[in-house]
Each structure stands twice: as C-alpha cells, then as structure tokens.
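# Summary of structural features
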Amino acid sequence: DSGVTQTPKHLITATGQRVTLRCSPRSGDLSVYWYQQSLDQGLQFLIQYYNGEERAKGNILERFSAQQFPDLHSELNLSSLELGDSALYFCASSPPLGEGGETQYFGPGTRLLVL
Amino acid sequence: DQQVKQNSPSLRVQEGRISILNCDYTNSMFDYFLWYKKYPAEGPTFLISISSIKDKNEDGRFTVFLNKSAKHLSLHIVPSQPGDSAVYFCAASDSNFGNEKLTFGTGTRLTIIP
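This write-up is about the structure you can find in this document. (Residues numbered from 1 in each chain as written. Chains lettered and ligands numbered in written order. Predicted model: local features only at pLDDT ≥ 70, side-chain atom pairs only at ≥ 80, totals over all residues. Heavy atoms only, no water.)

Residues and elements named next belong to chain A. The sheet built from 4 strands is open, its strands ordered 1-3-8-7 with antiparallel pairing. In the strand order of this sheet, the two ends are held by strand 1 (5–7) and strand 7 (64–68), each with one partner. Within the sheet, the average angular offset between the axes of one strand and its neighbour, ignoring direction, is 15°. Bridging between strand 7 and strand 8 (residues 74–78) involves 5 bridges; their strand directions are antiparallel. Bridge pairing links Gln68 to Ser74 in strand 8. (Pairing = 2+ DSSP bridges. Helix = DSSP H or I, 4+ residues; strand = E, 2+ residues; numbered from the N terminus. Axes fitted to C-alpha atoms, helices over the stretch in contact; angles between N-to-C directions.)

In structure tokens form, the structure reads like this:
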C-alpha cells in the first residue's frame, strides 16, 4: 500500500459524458501527478500540482482539467469523453521539493471505460 | 516521439537465473532514471534509481547500470524469483528534483518460469 488513494476504482460511462477522478496523496506529500495509461502503452504524464498550484503540464487534452484543493487532494475532470479516453488513470504523489525522496508513489489507478 | 524506449515487450527467464531488462533513451537532458515494477490491478511501485553521475547502483538482488554515452540503462535481477513476474517500466527525469517530470517507457513483461 503506497498511501495514495484513488476513487473510484472502475468507471463506465458513455461518449460525450463528463467524469471526475479523485486522488488523495500520501500524508505530507505536496505534489500530485496524473498519468494516463492506454492499452499496451507506457504511462503518459498529464499534469502536476504542487501545494495547490499547477507546476508542470504534459500531454493533457483541453477537454481534461485538474485541480488540487487546500487539503491537497486532487481531482481530474474529463469531459466530452471519447472512446479513446478509455484507459487507466494513475495518480502519484511525492515529498516536498528538495526534501529527498527518490520517487513518486502511485495509487492503484482508476480504470475508465467509455462506451 | 518516444523518448524512453523498452524494445522488448516481454521476457521469460528461468527461476534462479539472471533477468536483464533494457531501456534506451534519446533525450540527453535526462539525468535521473528509475525502474518501477507493476503487478496487475495495482499502481507502479518504485524499485531502484540511478543518477547520471553514477554508472551503477545496487539494492539487494537488483542492480541498475547506466551507460550515458550509449544512452542505455539496464536492470539486472539476480537470482530471479517467481514473485519478480510483473511488468517493469523504465522512467527518466530531466528535472532539478529527480522525482519530478517522469517520462516512462512502454514496459517489459517479465515472466519467471519455475
């Protein structure tokens, strides 16, 4: 157990709909990252938040948005869903910048299926 | 543009033998590299890392080698055990803080044969 929690575990929805994925980081971690893993692909970095502020952006579509709240949990909003958005979405967290910590700690993921 | 490549989608190794997983990268700005292990229905878990100032890092049965001139790294597992069967991802970072901005490879599925 990494200490990172994600809800829901599974989500099935229809094209054109909007969903919200939720992530709670490990206690003390200020950074939250979102990744997308499509079938047989590596993890694609979407976006990073640090202490409530957007810190880095990756290959995130305009239909997707995220935020990090004062209690440090984060939500990833996916709208106007398409079949190709079906994927595993992982959240990760890491310790405060410069405070060591070799890695990011990943949650179990949310499996999204768009029908 | 795949900046981190794992060219072997799968690898089968006999229990007790050495497993060698390979990873190549193209971005010369990458200066920190990590290996993650992933079991089905779980998130990736950190295995071992290496900074670009080193060419080798060991942790128990796991050793990572870095060849900067060839832009190549490898993970050695000795001896391989059935519990090592998983998908292994190589990741790289060009951030001042090594645990940020990770670029992942597509993974290698390692199967340890009893």
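Turning to the sheet that holds strand 3 (residues 19–25) of chain B, a few remarks are in order. Residues and elements named next belong to chain B. In space, the 5 strands of this open sheet follow the order 1-3-8-7-6, with antiparallel pairing throughout. Every interior strand has two partners, whereas the edge strands, strand 1 (4–5) and strand 6 (56–59), have only one. Relative to strand 8 (residues 72–77), strand 7 (residues 62–67) runs antiparallel, the two being bridged by 6 bridges. The residue bridging Thr63 from the neighbouring strand is His76, located in strand 8.

Among the nonpolar cores identified, the biggest contains 23 residues, and Phe33, Trp35, Leu73, Leu75 and Tyr88 of chain B are the most heavily contacted of them. Breaking this core down by element, the ones donating at least two residues are strand 3, strand 4 (32–38), strand 5 (45–51), strand 7, strand 8, strand 9 (86–93) and strand 11 (108–113) of chain B. Among the nonpolar cores identified, the runner-up in size contains 21 residues, and Cys23, Trp34, Phe64 and Leu78 of chain A belong to it. (Core = buried A, V, L, I, M, F, W, Y, C linked by side-chain atoms within 4.5 Å. Buried < 20%, exposed > 50% of the residue type's maximum accessible area, 1.4 Å probe, protein only.)

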